Amino acid sequence: MKNSFSAMARREAAAGYLLVAPAILLFLLIGLFTVLFSIGLSFYHLGQGSLITSAKFAGLDNFQNFLFGRDLNLSRAFKQALVNNLWVLLSTLVVIPIALAIAVMLQRISKGIRLYRTVFLLPMVTSSVAIYYVWQGIYEPEGTLNKLLAAIGLDSLIAVNGWLGELHTALPALIVTVIWGSVPGMMILYFAGLQTVDPHLYEAAEMDGAGAWQKIYRITWPILRPITVICLIMGMNGALQIFDPVWIMTKGGPANATEVVNVLVYQQAFVNGDMGVANAMGWSIFVLTFVLSLISLRILRDKSE
Amino acid sequence: MKPSAIRKIPLYAVLTVWGALCLYPLLWMIGASLKDPMDVMSSYSLLPNGVWHWDTYVDVWNKMKFFHYFLNSVNVTFFTILGINVLFTMAGFAFAKLRFPGSNMLFLGFLGMMFVPGITVMVPLYLTEHSLGLLNTHLGLILPMVNGSAPMALFLFRNYFRTIPHELYETAKLEGAGILRILYRIYIPLAIPAIATITIMNFLGSWNSLVLPMVLLNSQHLYTLPLAVMLLDTGVFRQWNVLMAGSLITIVPVILCFFLLQKYFIQGLTSGAIKS
């Protein structure tokens, strides 16, 4: 009896390994190998167009190039890019309240919830390429935004070279677009969370004489807090890994005004052909993202206890 | 009107304004694609002045070879989704129902991959694929996309299979059904909602993907639609009507798919987040 049982268990284990084998093979090849390769590569010089065979060990050269000014232009661009990434990160603090407000309002109306929800999700669904070209059109010198300003008599605010064409307006304009694009993802999380609240809880609280603030603090916030943590982490990841809108709308210009790290990585690797440095930059921003995520997770967890 | 309804008017007003902000770029895109090129920037109107240039679409579809790029996108997206569903229903089932040493560690290993964003490894991925001869092929684009969706797909499938009563598995096994048979005859048909969620999420992800094809495809004839749209961007003297017609061709399939499978899309967005 015991023997046949263990034979069955062995058959089950074998089947288990067989079923996960394809996923693991793919992971080893495309995932793990590439990640390890990538870490190693940060410490090697790879010349223009040349591949692994001609790589030379470079120690920390790659990191020194863009972190400590050995390559002055690159260092400057990297610093600017990092600062811009942090500006995008700060915009999360605008996205979250907007997303929450819209979710709360959507929860309160009685008719048309589905229609509004569908429309609100459109910015998230639409291909980034298509949507960011439209925004570029809106920001053009002759675009909708300038025309609108002229029509309401605010001619002094018009950006003559277009909102993405001037040093001091390019980044804010880009960030407005990013905020617009980030709201739907967080809004839908808040909305789903609010729907899990049992409406009877509010009624019961009212009968016990709880005020509006008490209801929010005791019933709503405990559900919204974990969602806010997720939104913050999502926002952080999105901000530090941003690529599509910048690449489509400005390619980092004018004069690095909208440069972000991943665009710099792409340009360094595939335009300038310096893959070692590009790779090292990619890992730096990844480590930063990871550490910031852990810190925010820790802080927000502690508060809850 | 009831007083409660009147109180809701401001809510509707604000929501409608936000809705208009969400819709405006889409409407602008449609309008611009139908306008005369000189007319795009010259007026407020979202509608063309005079003639509606449907011929722009014909040009983009034929002369700009968007039909060809469309097929490329269909090809890449179809096999990506197929690969994800086949590979990760199998693995998800194993993690949910079968006992084998190391299964927990393997599962956590897959989830851990979530933390490495695809964009960080684009340079080494390029080099890896170069040495494997996968660079500049659709397969070379499909494999990392399938692999990239592992954490979410495994998480979802495993949890979904776990909600299906275990007696079902035990009974089928006692009746002598093989494990693959149990998976494909019993579990897969019951997991259609999870498959729909994974399919719509990855349809959007793969169809809209920009960085991966930019890095991994060099030859124009292999380009997917987002890259093809970028080919239409001619710099300073943009032909907005052509660019927007190409953009619209690109987004119509995703928007249709979104309308059809919206319920599952929302489930996909919220499932992981709300539970954890």
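Residues numbered from 1 in each chain as written. Chains lettered and ligands numbered in written order. Predicted model: local features only at pLDDT ≥ 70, side-chain atom pairs only at ≥ 80, totals over all residues. Heavy atoms only, no water.

For the rest of this paragraph, the subject is empty space enclosed by the protein. The final tally for this structure, using the stated rule, is one cavity of 30 Å³ or more. Estimated volume of the largest cavity: approximately 60 Å³. The wall of the largest cavity is formed by 13 residues, among which T144(A), K147(A), W28(B), V40(B) and S43(B) lie closest to the centre. For the lining of the largest cavity, the residue count by class is six nonpolar, five polar and two charged. (1 Å grid on protein atoms, 1.4 Å probe; cavity = no way out; pocket = protein on both sides within 12 Å on 5 of 7 lines; lining within 4 Å. Points joined across faces, edges and corners; volume = space filled by probe spheres on them. Nonpolar A, V, L, I, M, F, W, Y, C, P; charged D, E, K, R; others polar.)

Residues and elements named next belong to chain A. Considering the arrangement of structural elements, one finds T250 in the loop between α10 (244-249) and α11 (261-271). Along the chain, T250 and Y190 lie 60 residues apart, while their C-alpha atoms are 32 Å from each other. Residues contacting T250, with those up to four places away along its chain left out, are L164, P245 and T258. A polar atom in the side chain of T250 sits 2.7 Å from the side chain of T258. (Helix = DSSP H or I, 4+ residues; strand = E, 2+ residues; numbered from the N terminus. Contact = heavy atoms within 4.5 Å. Polar contact = N/O pair within 3.5 Å; in protein donor to acceptor, adjacent residues only side chain to side chain.)

A separate point is the state of the cysteines. What the rule picks out here adds up to zero disulfides over all chains. Here C231(A) stays unpaired: no disulfide links it, and the sulfur of C22(B), its closest cysteine neighbor, is 16 Å away. Free of any disulfide, C257(B) has its nearest cysteine sulfur in C22(B), 20 Å distant. For C257(B), a relative accessible area of 17% corresponds to the buried category. (Disulfide = S-S within 2.5 Å. Buried < 20%, exposed > 50% of the residue type's maximum accessible area, 1.4 Å probe, protein only.)

So, about the side chain of E166(A). Note that E166(A) resides in the loop between α6 (144-151) and α7 (167-195). One buried charged side chain, E166(A), makes no salt bridge at all; its nearest oppositely charged neighbour is R238(B), positioned 15 Å away. In this view, E166(A) contacts A159(A), V160(A), N161(A) and P254(A); residues no more than four positions away in its chain are not counted. (Lys, Arg positive; Asp, Glu negative; His and termini not counted. Salt bridge = Lys/Arg side-chain N within 4 Å of Asp/Glu carboxyl O.)

For the rest of this paragraph, the subject is the UniProt feature "domain: ABC transmembrane type-1" (unreviewed entry) in chain A. Mapped onto this numbering, the UniProt entry gives "domain: ABC transmembrane type-1" (unreviewed entry) at residues 81-296 of chain A. Measuring from the first to the last C-alpha atom of residues 81-296 of chain A gives 22 Å, for a span that is 77% helix and 0% strand. (UniProt positions renumbered as here; feature names shortened; annotations may be inferred.)

Residue and element names in this part refer to chain A. Take T177: it is sitting in helix α7. The class for T177 is buried, based on a relative accessible area of 0%. With near-sequence residues (within four places) excluded, T177 lies in contact with Y132, W135, Y139 and M249.

Another aspect to go through is the UniProt feature "transmembrane region" (unreviewed entry) in chain B. Residue and element names in this part refer to chain B. Sites flagged by UniProt as "transmembrane region" (unreviewed entry) map to residues 12-34, 69-93, 105-127, 139-161, 182-204 and 240-261. Helix makes up 96% of residues 139-161 and strand 0%, whereas the separation of the span's terminal C-alpha atoms amounts to 29 Å. Taken end to end, residues 240-261 comprises 95% helix and 0% strand; its first and last C-alpha atoms sit 31 Å apart.

What follows covers the interface of chain B and chain A. The partner chain A presents 87 residues to the 90 residues of chain B that form the contact. Between chain B and chain A lies a buried interface of about 7900 Å² when both sides are counted; carbon and sulfur atoms form 79% of it. The tally of links between chain B and chain A comes to two salt bridges. Two residues, E12(A) and K173(B), come together in a salt bridge whose shortest N-O distance is 3.2 Å. In this structure, the connection of chain B to chain A is made through 13 residue pairs in polar contact (both at pLDDT 80 or more). Broken down by element, the residue count for the side of chain B that touches chain A peaks at 15 residues, all from helix α2 (residues 9-34) of chain B. (Buried area = accessible area lost by both parts, 1.4 Å probe.)

Let's shift gears to the domain arrangement of chain B. Reports often express the size of an interface as the amount of accessible area lost when the parts come together. Residue and element names in this part refer to chain B. Split by domain assignment, chain B resolves into domain 1 (1-53) and domain 2 (54-275). A separation of 32 Å is found between the C-alpha centroids of domain 1 and domain 2. Contacts between the two partners involve 13 residues from domain 1, matched on the other side by 12 residues from domain 2. Here domain 1 meets domain 2 over a buried area of about 1100 Å², counting both sides, of which 74% is carbon and sulfur. Interface area lost by domain 1 to domain 2 is led by M29, S33 and H53, which between them contribute 44%. Counting every contact that joins domain 1 to domain 2 gives zero salt bridges. At the boundary of domain 1 with domain 2, the tally comes to four residue pairs in polar contact (both at pLDDT 80 or more). (Domains from an automatic or database assignment.)

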